[in-house]
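What the coordinates show
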Amino acid sequence: MTESPMTRPGAGRTRRRGAALEEAILGAAVDELTESGYAGLTMDKVAARAGTNKNAIYRRWPNRLALGIAAYRRLTTTAATPDTGGLRGDALEYLRRANRHWSSPLGAILRELLAAAGGASEVLAQLQDQSGDAVAAPWLTILGRAVARGEAAPEALHPRVATVAIVLLRNEFVVRGVPTAPDDVLIEIVDEVYLPLVRRRGPAAG
């Protein structure tokens, strides 16, 4: 008697490949990451949750850290750039948003990833699409508005200048290991470093 498709072992289950399988693995990794943090993320748990095997995961992500980073990126969303009508207000609001994120459970996952990477450079490069563009873009938008209002020098529109404030805040978490930055630290970063830098920056004297 010929065996019908519905009586074969595993019948009724479609074998996923390509993008569908990758999506299932990432979804499982996101669930594990949010439930157990990076410390509880294992290839075995993700494979079981995704209904696949570890080899399928390793073909796409070479190690647990790479998978954790990919899952974290799936969890994060790009927030709208603040527009308070002034440079100081925009800079402070954006720092406060970043501070809330890094102080949240999701931020705790980020700190775990940073610790697992043995430093900020490797993981940040992957979290930022292999460049600093994702970090610099909103700050360049903020500065562009400020230049148009006459609040900042046009020469300040440089990625390294634009991102000084967020880099200083990041150092509070990565270098100093604080769980959250007090608001007076954010105000100090903006008032004592960021605003003087972007307002006084001009062409080098000939």
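As the structure is a computational prediction, the values presented were derived from the model and not from experiment.

Some remarks on helix H1 (residues 18-36)
With 19 residues, H1 ought to run about 27 Å at 1.5 Å a step, and its terminal C-alpha atoms sit 27 Å apart, in line with that. Against the buried residues of H1 lie helix H2 (43-50), helix H3 (54-58), helix H4 (64-75) and helix H6 (105-117). Following H1 by one or two positions, Gly37 adopts a phi angle in the positive range, close to 75°.

What about the environment of Val30?
For Val30, the position within the fold is in helix H1. What makes Val30 buried here is its relative accessible area of 13%. Between the C-alpha atom of Val30 and that of Arg73, which follows or precedes it by 43 residues, the distance is 9.3 Å. If near-sequence neighbours (up to four positions away) are discounted, Val30 is found in contact with Ala71, Arg74 and Leu75.

Structural notes on the side chain of Glu32
The topology assignment puts Glu32 in helix H1. For Glu32, a relative accessible area of 8% corresponds to the buried category. Separated by 2.9 Å, the side chains of Glu32 and Arg49 make a polar contact. What Glu32 contacts, discounting residues up to four positions off in sequence, is Gly37, Gly40, Leu41, Lys45, Val46 and Arg49.

Regarding the nonpolar core
Membership of the largest hydrophobic core comes to 56 residues, with the highest contact counts inside it found for Ile25, Leu87, Leu95, Trp139 and Leu169. Setting aside its immediate chain neighbours within four residues, Trp139 contacts Ala91, Tyr94, Leu95, Ala162, Thr163, Ala165, Ile166 and Tyr194.

Some thoughts on the packing of aromatic side chains
Per the counting criterion, the structure on display carries three aromatic pairs. Ring centres of Trp102 and Phe173 lie 5.4 Å apart, and the angle between their planes is 70°; this geometry places the pair in the edge-to-face category. In this pair, Trp102 sits in helix H5 (residues 87-103) while Phe173 sits in helix H10 (residues 164-174), placing the two residues 71 residues apart along the sequence. Of the two residues, Trp102 and Phe173, both sit in the buried class. An aromatic cluster is defined as three or more aromatic residues linked by ring pairs; in this entry it consists of Tyr94, Trp139 and Tyr194. Over the aromatic face of Tyr38 sits the side chain of Arg64, whose NZ or CZ is 4.0 Å from the ring centroid.

A word on the confidence of the model for the chain
When pLDDT is averaged across the chain, the result is 82; 80% of the residues are at 70 or more. Within the model, pLDDT remains below 50 along residues 1-14, and this stretch shows five contacts once partners closer than five positions in the same chain are excluded.

Some thoughts on the packing of H5 against helix H11 (residues 183-200)
Two numbers describe a pair of packed helices, the interaxial angle and the distance between the axes. Remark: H5 packs on H11, axes separated minimally by 10 Å, with the N-to-C direction vectors making an angle of 135°. Comparing the axis directions of H5 and H11 gives the class oblique. Viewed along their axes, H5 and H11 form a crossing whose handedness is right-handed. Note on element contacts: H11 touches H5 through Asp183, Leu186, Ile187, Ile189, Val190, Asp191, Tyr194, Leu195 and Val198, opposite Leu87, Arg88, Ala91, Leu92, Leu95, Arg96 and Asn99.

What about the environment of Asp31?
Looking at where Asp31 falls in the secondary structure, it is placed in helix H1. By relative accessible area, Asp31 is classed as partly exposed at 34%. Considered as a pair, Asp31 and Val46 are 15 residues apart in the sequence and their alpha carbons are 8.7 Å apart.

Notes on H2
All of the buried residues in H2 are Met43, Val46, Ala47 and Ala50. For H2, the angular spread of buried residues about the axis comes to 100°, placing them on one side. Elements in contact with the buried residues of H2: H1, H3 and H4. Positive backbone phi, at 70°, marks Gly51, one or two positions downstream of H2.

Basis of the calculations
Residues numbered from 1 in each chain as written. Predicted model: local features only at pLDDT ≥ 70, side-chain atom pairs only at ≥ 80, totals over all residues. Heavy atoms only, no water. Helix = DSSP H or I, 4+ residues; strand = E, 2+ residues; numbered from the N terminus. Expected span 1.5 Å × (residues − 1). Contact = heavy atoms within 4.5 Å. Buried < 20%, exposed > 50% of the residue type's maximum accessible area, 1.4 Å probe, protein only. Polar contact = N/O pair within 3.5 Å; in protein donor to acceptor, adjacent residues only side chain to side chain. Core = buried A, V, L, I, M, F, W, Y, C linked by side-chain atoms within 4.5 Å. Phe/Tyr/Trp six-rings, centres within 6.5 Å; stacked < 30°, edge-to-face > 60°. Lys NZ or Arg CZ within 6 Å of the ring centre and 35° of its normal. pLDDT = per-residue confidence, 0-100. Axes fitted to C-alpha atoms, helices over the stretch in contact; angles between N-to-C directions. Parallel < 35°, antiparallel > 145°, perpendicular 65-115°, else oblique. Left-handed = near helix turned anticlockwise from the far one by under 90°. Arc of directions from axis to C-beta.

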